[in-house]
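# Examining the three-dimensional arrangement
Here are the chains, one letter per residue:
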Amino acid sequence: GAVVSQHPSRVICKSGTSVKIECRSLDFQATTMFWYRQFPKKSLMLMATSNEGSKATYEQGVEKDKFLINHASLTLSTLTVTSAHPEDSSFYICSALRDFNEQFFGPGTRLTVL
Amino acid sequence: KQEVTQIPAALSVPEGENLVLNCSFTDSAIYNLQWFRQDPGKGLTSLLLIQSSQREQTSGRLNASLDKSSGRSTLYIAASQPGDSATYLCAGQNFVFGPGTRLSVLP
């Protein structure tokens, strides 16, 4: 159990376009999901906490208008990178919180902005 | 702000060795800790969770312990195998991650 999926796994887009990434908890309900960003050979940087039915909580330095998060159901959170630029290219990983504050991660989405 | 340190940053060992990875938090008020492994280009796989009422957890060849008074955790891997090669990360209840330990187990 405790499977989290992400879609797409890879996306290449042109500068200025918007990209949506989906994160789903497949076999459990998650009121809380997290979005992380990871640069090559670096650790994870928490971007925001996504709470079902309410606004996301963004970490300091993360632009909420740039990275739109929607957590419309107990199994789905989406991250939309708006007006993407090359510096937004990164590996984006989501996680879902289950019992006892245990996190389960998705496989990640590699975004490349040309 | 909570900061997490992991020592060593990288480790290379021959197959079969026992090894210890360390994780420490600047804010020692850690009551919930999770260890993960990450393979290159992949997401994170949960290894062990130490809950607030626990001091250690074991799963197969892995044992993790948490000293709440000092905010330090260790991950012990027994009889290491090449398949254990990965980056190992720890995170506390505020979901701040350490930089990871890159482990290579040589056959």
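Up top you'll find the structure we're talking about.
Presented here is a report on the structure given in the accompanying data block. (Residues numbered from 1 in each chain as written. Chains lettered and ligands numbered in written order. Predicted model: local features only at pLDDT ≥ 70, side-chain atom pairs only at ≥ 80, totals over all residues. Heavy atoms only, no water.)

Bringing the interface of chain A and chain B into the picture now. At the interface, 18 residues of chain A touch 17 residues of chain B. Roughly 1,400 Å² is buried in total at the junction of chain A and chain B, and carbon and sulfur atoms are behind 56% of that figure. Where chain A touches chain B, the interface holds zero salt bridges. If you look at where chain A meets chain B, you find seven residue pairs in polar contact (both at pLDDT 80 or more). Looking at the side of chain A that touches chain B, the elements with two or more residues in it are strand E4 (32–38), strand E5 (44–51), strand E9 (90–97) and strand E10 (103–105) of chain A. Classifying every residue of the side of chain A that touches chain B gives eleven nonpolar, five polar and two charged. (Contact = heavy atoms within 4.5 Å. Buried area = accessible area lost by both parts, 1.4 Å probe. Salt bridge = Lys/Arg side-chain N within 4 Å of Asp/Glu carboxyl O. Polar contact = N/O pair within 3.5 Å; in protein donor to acceptor, adjacent residues only side chain to side chain. Helix = DSSP H or I, 4+ residues; strand = E, 2+ residues; numbered from the N terminus. Nonpolar A, V, L, I, M, F, W, Y, C, P; charged D, E, K, R; others polar.)

Below, the discussion takes up the sheet that holds strand E2 (residues 10–14) of chain B. Residues and elements named next belong to chain B. With mixed pairing, five strands are arranged side by side in an open sheet as E2-E10-E9-E4-E5. Of all strands in the sheet, those bounded by a partner on one side alone are E2 and strand E5 (44–50). Strand after strand, the sheet turns through a mean of 25° between neighbouring axes, direction not considered. Direction of pairing for strand E4 (residues 33–38) relative to E5: antiparallel, over a ladder of six bridges. Bridge pairing links Trp35 to Leu48 in E5. (Pairing = 2+ DSSP bridges. Axes fitted to C-alpha atoms, helices over the stretch in contact; angles between N-to-C directions.)

A few words now on the packing of aromatic side chains. Per the stated rule, a full pass over the model turns up nine aromatic pairs over all chains. Ring geometry for Phe67(A) against Tyr92(A): centres 6.3 Å apart, planes inclined by 45°, an arrangement best described as tilted. Taken as a pair, Phe67(A) in strand E7 (residues 67–73) and Tyr92(A) in strand E9 lie far apart in primary sequence, 25 residues in all. Note on accessibility: Phe67(A) and Tyr92(A) belong to one class, buried. Taking 5.2 Å as the distance between ring centres and 85° as the angle between the ring planes, the aromatic pair formed by Phe105(A) and Phe36(B) counts as edge-to-face. Of this pair, Phe105(A) sits in strand E10 while Phe36(B) sits in strand E4, which puts the two residues in different chains. This pair shows no difference in class: Phe105(A) is buried, exactly as Phe36(B) is. (Phe/Tyr/Trp six-rings, centres within 6.5 Å; stacked < 30°, edge-to-face > 60°. Buried < 20%, exposed > 50% of the residue type's maximum accessible area, 1.4 Å probe, protein only.)

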